[in-house]
Amino acid sequence: MIRNYLKMAWRSLLKNKGFSFINIFGLAIGVACCLLILLYVAHELSYEKWNPNADRIVRPVMEVLFGGNHDNMAESGSIIAPDAAKELPEIQNWCRLRNYGSYLVKREGEGQQNFREMNVLTADSTFFQLFPVSLLEGDPVRCLTMPNSMAISRTLAEKYFVTPQMALGQTLVLNNDARRQITAVYEDIPSNTHFRADLLLSMVDNEEIKRESPFWGSSNNFHTYLLLRPGTDLDAFERKFDKLARQKVGILIQQMLGTSQEEFETSGQFARMYLQRMTDIHLYSDLNGELAVNGSIKYVWIFSAIALFILLIACINFMNLSTARSADRAKEIGVRKVMGSRRSGLVTQFLSESTLLAAIAIVLAVLIAWLALPAYQKLAGEQLSIPWTSPLFWTAIVGAIVVVGLLAGSYPAFFLSAFDVVKVLKGQKNRRQNGLNFRSVLVVFQFVTSASLIIGTLFVYKQLQFIQTKKLGFQKDQVLILDNTYVLGDKIGVFKEETLKNPAVKNVSVSSFLPVQSARSNTTYAKKRGFDTDNSLYMQNWWVDEDYLSTMGMELIAGRNFDPERPADEDALILNETAAAVFGEDPVGKKLYILDENLDRTPTPEDFLELTIIGVVKDFHWASMRENIGTLCLRFGRSTGSMSVRYAGKDTETLISALEGKWKGMAPEEPFSYRFLNESFAEMYTAEQRVGSIAAVFALLSIFVSCLGLFGLASYATEQRTKEIGIRKVLGASVAGIVGLLSKDFLRLVLVALIIALPLAFYAMNQWLEDFAYRISLNWGLFALAGVAILIIAFFTISIQSVRTALTNPIQSLRSE
């Protein structure tokens, strides 16, 4: 019997090729979109799942609101882990990671070429106990316990030594100076981890730890991880840690400000430390100093909803089209009932047809997803793959065929099988108003979803455009950044002078500190006088040269710039507007006292450097526009990590080639690395750009699938009214009048959908924009524009068939009468 049902289903599919194509293709597109989105969602949810210790690892993080600056830091002091382990027996082990940025790496020996390695971390010897990556060579317990030792990934081992076995025991030279012996080679760390590390340096001989402050809450440069003992109640441990952290931070506040923590918090300021579960880092953490760009649980929910809605849109198409074709099969149903067919048999027949269509569509969907995957990976910025070997995947595919078949075919099956036999065989059409209304509701739902996606995408792009065009307080365009200029050594001054000789170059500055979030940052504690909170600042402390302001296009609004001819400027600084506002008056010429960064004891007045404020620079954005501008000072000094080159003209290739030639002449063994400041600025909004791009693609596909169904319904409606249209034409109706007649019912549904979608989209976008301190306003003009565009698309879709029918010779439609 089932075989007979499938045979009839196949014949019905071939008989109605046009509608079958719309059904299958629409469902395939919807399922393919759903599959691709779910691959992304599954990848985001898989972070840290490879690590069996993940549920027992927590990370101490710091939040400070003090001295005009609000800072949320993923990093903490190096003293916290060993101190906490002494006080809290629940801690089984701990590990610290320190990120010093990129390194130049080469094999030992004459004439070896340097390579710039980005994923380098300094780690404690316990690293492989907390993060049990498989070791290919070496001892996981001892490999990082020796001075000048390091472990490298399989990728680096094959890059420098061909095989992991050949790499063990070899030496690599870092930054042309430090020689490190390879004591272990580990398998590449999985991509679904919140940090990247291709090279791990031993923490044993780290000088920063030896001179770090003994106070919790100071010198926050390390990522600290605490491994708790099995069976530890995480909530109870968090309460114990919070009590200890409050006590320790309170000591720092007392030492620095001469006041208790309670009095400090009464002033509206705070400094607190709390624990973050490692499994929450990727999707729930967006702190300063993260080891990599994290995702967001908000976007996981958004994309999951998009996947569901697109799948529903595709199923609705199938349901609508199948129901609309009911009249064509009315006599077939009547004859089957007269011949003894039961309603249950008819339901089974129609469900088998929908399941066959679903099977073809889902197989086609998997093929479409596989073909689209390379482009989708670039769009999502993730390494995704279809799990061909997973039994769960194939179980899901079979389950999807059954579920989609039943979901898409249930209503048509019960609707068609309920036709009245007598009426059908008399030729009376079994029209049901409720069926029409139900189809109308489904069409409205489709366009509510599609319109919301399109409007949301437009506002995401509008916000990103606002960020890119907003006045930032500096000029990010036409600035070339040369990295690792410290390798030039004493030649850096000569290189700067040679660069300035290029006619395309306007200004050159040497400084590691750039107004982008990915650049180096450095916070410091400063005071006007005394130790009280009202006279204190907690701010960014950047070392720059005399050409920094002109190269970055920053504006001095008071005082003067640094002058190398004035030796006293070594003890001078320039504040931004936010920091200057702390004074409540013109700060130029006044003194500011900054704490020695290398202090490892209780500060005294002698530990504060007396600096003179010589100028105020207009506020500029150096962090994301999700945050308000904080306090910052510029210091006159040497910081040679990078060189910024402001240029004129559009021939950047010639300029880069000229600079590379000079570089090779002075440092032939060092890699020439460059980037553009505006691109580094845009990287701060990578997550939003990806969300916008992915949402745009799927929004367009959702409107395409919706219009595909609308086209099918319009085609069927015009086909049913062919003779009516012929009579109207004979009586003098115009083509425009007929098109309007055939279009108005469908356009009314689209208009209702827009009326529902606009407030929904308004609410959703208002919630999304709350993440930004600097944001666009929700302009109703953009909503109206999106609505008009969707109406035009819908009208065009309907008109394709309507115009063709209206232009048909009425003789052809009336000749059988």
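Criteria and thresholds
Residues numbered from 1 in each chain as written. Predicted model: local features only at pLDDT ≥ 70, side-chain atom pairs only at ≥ 80, totals over all residues. Heavy atoms only, no water. Helix = DSSP H or I, 4+ residues; strand = E, 2+ residues; numbered from the N terminus. Expected span 1.5 Å × (residues − 1). Buried < 20%, exposed > 50% of the residue type's maximum accessible area, 1.4 Å probe, protein only. Arc of directions from axis to C-beta. Contact = heavy atoms within 4.5 Å. Pairing = 2+ DSSP bridges. Salt bridge = Lys/Arg side-chain N within 4 Å of Asp/Glu carboxyl O. Core = buried A, V, L, I, M, F, W, Y, C linked by side-chain atoms within 4.5 Å. Axes fitted to C-alpha atoms, helices over the stretch in contact; angles between N-to-C directions. Parallel < 35°, antiparallel > 145°, perpendicular 65-115°, else oblique. Left-handed = near helix turned anticlockwise from the far one by under 90°. Nonpolar A, V, L, I, M, F, W, Y, C, P; charged D, E, K, R; others polar. Patch = residues over 30% accessible without salt bridge, like charges linked within 9 Å, V, L, I, M, F, W, Y side chains within 5 Å. Areas by Shrake-Rupley, 256 points an atom, 1.4 Å probe, with all protein chains shown as cover.

It is worth spelling out helix α20 (residues 652-666) at this point. Note on helix geometry: an α-helix contains 3.6 residues per turn, so any two residues three or four positions apart are oriented the same way. Here α20 spans 21 Å end to end across 15 residues, near enough to the 21 Å set by a 1.5 Å rise per residue. Where α20 is concerned, the buried positions are L655, I656, L659, W663 and M666. Along the axis of α20, the buried residues cluster in a sector spanning 95°; they form a single face. Residues of α20 that are exposed and point more than 90 degrees away from the buried face comprise E653 and G665. Buried residues along α20 sit against β14 (479-483), α17 (492-500), β15 (505-510), β23 (642-647) and β24 (674-676).

Moving on, we get to the pairing of strand β10 (residues 178-186). The pairing of strand β7 (residues 135-138) with β10 spans 3 bridges and is antiparallel. Bridge pairing in β10 places L135 opposite Y186. Alignment of strand β8 (residues 149-153) against β10, held across 5 bridges, turns out to be parallel. Among the inter-strand pairings, S149 is bridged to a residue of β10, identified as Q181. In terms of strand pairing, strand β9 (residues 171-174) meets β10 through 4 bridges, oriented antiparallel. The residue of β10 that forms the bridge with L172 is R180. The hairpin formed by β9 and β10 contains 3 residues between the paired strands, and N175 there has a positive phi angle of roughly 50°.

Applying the stated rule across the entire model yields 23 salt bridges. R59 is paired through a salt bridge with E290; the nearest N and O atoms lie 3.3 Å apart. Of this pair, R59 sits in strand β1 (residues 57-66) while E290 sits in the loop between α10 (281-284) and α11 (297-324), and the two are 231 residues apart along the sequence. Take R59: its relative accessible area is 0%, and that puts it in the buried class. Taking the relative accessible area as the measure of exposure, E290 reaches 17% and is therefore buried. Among the ionic pairs, R246 bridges to E265, the shortest N-O distance being 3.0 Å. Of this pair, R246 sits in helix α8 (residues 234-257) while E265 sits in helix α9 (residues 261-266), and the two are 19 residues apart along the sequence. For R246, a relative accessible area of 34% puts it in the partly exposed group. A single network of salt bridges, built from pairs that share partners, joins R116, D483 and R675.

In this structure, F303, F447, W542, F681 and F698 are the most contacted members of the largest nonpolar core, which totals 116 residues. By residue number, the principal contributor to this core is helix α2 (residues 17-45), which donates 15 residues. Residue contacts for F447: discarding those within four places in its chain leaves I703, S706, C707, L710, V750, A753 and I790. Counting residues in hydrophobic clusters, the runner-up holds 32 residues, among them V58, L226, L234 and V249.

Interhelical geometry of α17 versus α20 gives an angle of 155° and a closest axis separation of 11 Å. As summarised for this structure, α17 and α20 are arranged roughly antiparallel, according to the angle between their axes. Considering how the two elements wind past one another, α17 and α20 form a crossing that is right-handed. Counting all contacts with α17, which are made through V494, F495, E498 and T499, the residues of α20 involved are L659, K662, W663 and M666. A breakdown of the residues in the contact of α17 with α20 according to their chemical character gives 5 nonpolar, 1 polar and 2 charged.

On the surface, a nonpolar cluster with roughly 550 Å² of combined accessible area is contributed by L367, W370, L371, W388 and W394. Examining the composition of the nonpolar patch, we find that 3 residues originate from one element, helix α13 (residues 343-380), more than from any other. Along the chain, W370 turns up in helix α13.

On their own, these measurements won't tell you what the molecule is for.
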